Amino acid sequence: MSRILTGIQSSGKPHLGNILGAILPAIELSKTKESLFFIADLHALTTTKDPKKLQENTLATAATWLAFGLDTSYNILYKQSDVPQVTELMWYLNCITPFPMLANAHSFKDKSNKLSDVNAGLFTYPVLMAADIILYDANIVPVGKDQLQHLEITRDIAKSFNHIYGETFVIPEAKIKEDCMIIPGTDGQKMSKSYNNCIHILENEKILKKQIMKIHTDSKDLDEIKDPDTCNIVKIYKLIGDPKNCKNLEKKYRNGGFGYGHAKSELLDLILTKYNLPRLKFQELMDNPEVIEKELEKGAKKANQIASAVMKKVKKNIGLM
Ligand code: TYM
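Chemist: Explain helix α12 (residues 243–255) to me, please; I cannot follow it from the model alone.
Modeler: Helical periodicity: at 3.6 residues per turn, an α-helix aligns residues three or four positions apart in one direction. The terminal C-alpha atoms of α12, which comprises 13 residues, lie 18 Å apart, in line with the 18 Å expected from a rise of 1.5 Å per residue. Along α12, the residues classified as buried are Cys246, Leu249, Glu250 and Tyr253. Around the axis of α12, the buried residues are gathered within 100 degrees of arc, so they sit on the same side. Residues of α12 that are exposed and point over 90 degrees away from its buried face: Lys244, Lys247, Lys251 and Asn255. Its buried side turned inward, α12 meets α11 (232–240) and α13 (260–274).

What follows is the structure, given as structure tokens:
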């Protein structure tokens, strides 16, 4: 049986990149096959040290999945930390993972250059991610392009385990939505919780407006003709808007007499209109956290069942049972 799985760290609230790059494509896939979606709160600990924030972000991440319509009557939404077998499996995988493979991972190099707190959790991050995936016999992992190397590492670890201990794990594959590979942030770089360049489309209007107003542009005056092809506002607008509205916006750029402030207002209106329902649902859920917690408890029970069956096989093959 093919199984879909993906995770999102709760190191912040989900942003447009998470939503277009992972959540919406994953929900689309989940309509055809049983899927497991989890909140990677253990991964978030590598960068988040504020317990209250972690809890808030975990709830907001779960609320985002639900607000966009994930059907939990047959899909499984759970918290990574609610299935403790994942850290047990991580240890077994640590013991067969070559040190240089982790030392050369792009995301570790990138984070260790940027962050002041370079902890061992950051180093073994891909091993926990491998455990997340293979613990549930997942075959398809919808992710953004930035996670491709982590998926390659997962495949290498799973193959290596199967080679040493005999057929145990399913070898998973990444599934990337071509038009949402890397969503740019307000500064034109990849949108990321660690770059302070996010647009949180489910946030209240005041915060959302502030984030949109931060989008970097050149300094052309209102009257001047502008190039839509190089503008960050247009790039983001085109990810969400329908073709007719996008063409209209481009035309306004080329005609002149249309400022970047106007373009930002149009982007804000588009987000507020297009995501009106998920925004309302998100707020309703955040006002009733017990509803989210109940969903997560239900998901944890189902996830535990799958994980226990796989772990039994793992322990037997390793020689621990
Ligand atoms: P995270 O929390 O950074 O991002 C969650 C998902 O959103 C995608 N994404 C993006 N896609 C397009 N453009 C962007 N700017 C953008 N930013 C983020 C990511 O590719 C990802 O699919 N390590 C993972 C979490 C994780 C996981 C897993 C994922 C832990 N275990 C197992 C899949 C399977 C992460 O940090 O994602």
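Chemist: Even after reading the chapter, I still don't get the side chain of Thr48, so can you show me in this structure?
Modeler: Relative to the assigned elements, Thr48 resides in the loop between α2 (41–44) and α3 (51–67). Of the residues examined, Thr48 reaches a relative accessible area of 9% and is grouped as buried. Look past the residues within four positions of Thr48 in its chain and what remains in contact with it is Ser11 and Leu54.

Chemist: For this particular structure, what's the right way to read the side chain of Ser35?
Modeler: Residue position: Ser35 is located in strand β2 (residues 35–40). For Ser35, a relative accessible area of 0% translates into the label buried. Only 2.9 Å separates the side chain of Ser35 from the backbone oxygen of Lys33, close enough to count as a polar contact. Here Ser35 is in contact with Ile4, Ser30, Asn75 and Ile76, once residues within four sequence places are set aside.

Chemist: Before we go on, may I ask you to explain the pattern of salt bridges in this structure?
Modeler: Oppositely charged side chains can form a pair if their charged atoms are brought close together. For the structure shown, the criterion picks out 12 salt bridges. A salt bridge links Asp146 to Lys190, with the shortest nitrogen-to-oxygen separation between them at 2.8 Å. Here Asp146 is found in the loop between β4 (140–142) and α9 (148–165), whereas its partner Lys190 is found in the loop between β5 (173–175) and α10 (205–213), with 44 residues between them in sequence. Among the residues examined, Asp146 registers a relative accessible area of 36% and is labelled partly exposed. Overall, Lys190 belongs to the partly exposed group, its relative accessible area being 30%. Where Lys298 meets Glu295, a salt bridge forms, and the shortest distance between an N and an O atom there is 3.5 Å. Residue Lys298 and its partner Glu295 are both found in helix α15 (residues 289–318); the two are separated by three residues, about one turn of the helix.

Chemist: Sorry, what's going on with the packing of aromatic side chains here?
Modeler: A ring pair, where both rings are aromatic, is described by two values, the distance of the centres and the angle of the planes. Tallied over the full model, the rule gives 10 aromatic pairs. Pairing Phe161 with Tyr165 gives two aromatic rings, centres 4.7 Å apart and planes at 50 degrees, and the pair type is tilted. Within this pair, Phe161 and its partner Tyr165 are both found in helix α9, separated by four residues, close to a single helical turn. Among the residues examined, Tyr165 registers a relative accessible area of 29% and is labelled partly exposed. Ring pairs connect the aromatic residues Phe38, Tyr78 and Tyr136, which therefore count as one cluster. Stacked on the ring of Tyr125, the Lys or Arg Lys111 has its end atom at 4.4 Å from the ring centre. Sitting over the face of the ring of Tyr260, Lys226 holds its NZ or CZ atom 5.5 Å from the ring centroid.

Chemist: Is there a simple way to think about the site of the ligand in this case?
Modeler: Not every one of the 28 residues close to the ligand is listed here, only the nearest: Tyr125, Asp132, Gly144, Asp146 and Ile183. Taking Lys193, its side chain carries an N or O atom lying 3.3 Å from an oxygen atom of the ligand. Against a free-state accessible area of 700 Å², the protein chains account for coverage of 96% of the ligand. Put simply, the parts of the chain that give the shell around the ligand at least two residues each are β1 (4–9), α1 (16–30), β2 and α8 (125–134).

Procedures and definitions
- Residues numbered from 1 in each chain as written.
- Predicted model: local features only at pLDDT ≥ 70, side-chain atom pairs only at ≥ 80, totals over all residues.
- Heavy atoms only, no water.
- Helix = DSSP H or I, 4+ residues; strand = E, 2+ residues; numbered from the N terminus.
- Expected span 1.5 Å × (residues − 1).
- Buried < 20%, exposed > 50% of the residue type's maximum accessible area, 1.4 Å probe, protein only.
- Arc of directions from axis to C-beta.
- Contact = heavy atoms within 4.5 Å.
- Polar contact = N/O pair within 3.5 Å; in protein donor to acceptor, adjacent residues only side chain to side chain.
- Salt bridge = Lys/Arg side-chain N within 4 Å of Asp/Glu carboxyl O.
- Phe/Tyr/Trp six-rings, centres within 6.5 Å; stacked < 30°, edge-to-face > 60°.
- Lys NZ or Arg CZ within 6 Å of the ring centre and 35° of its normal.
- Near = heavy atom within 4 Å.
- Areas by Shrake-Rupley, 256 points an atom, 1.4 Å probe, with all protein chains shown as cover.

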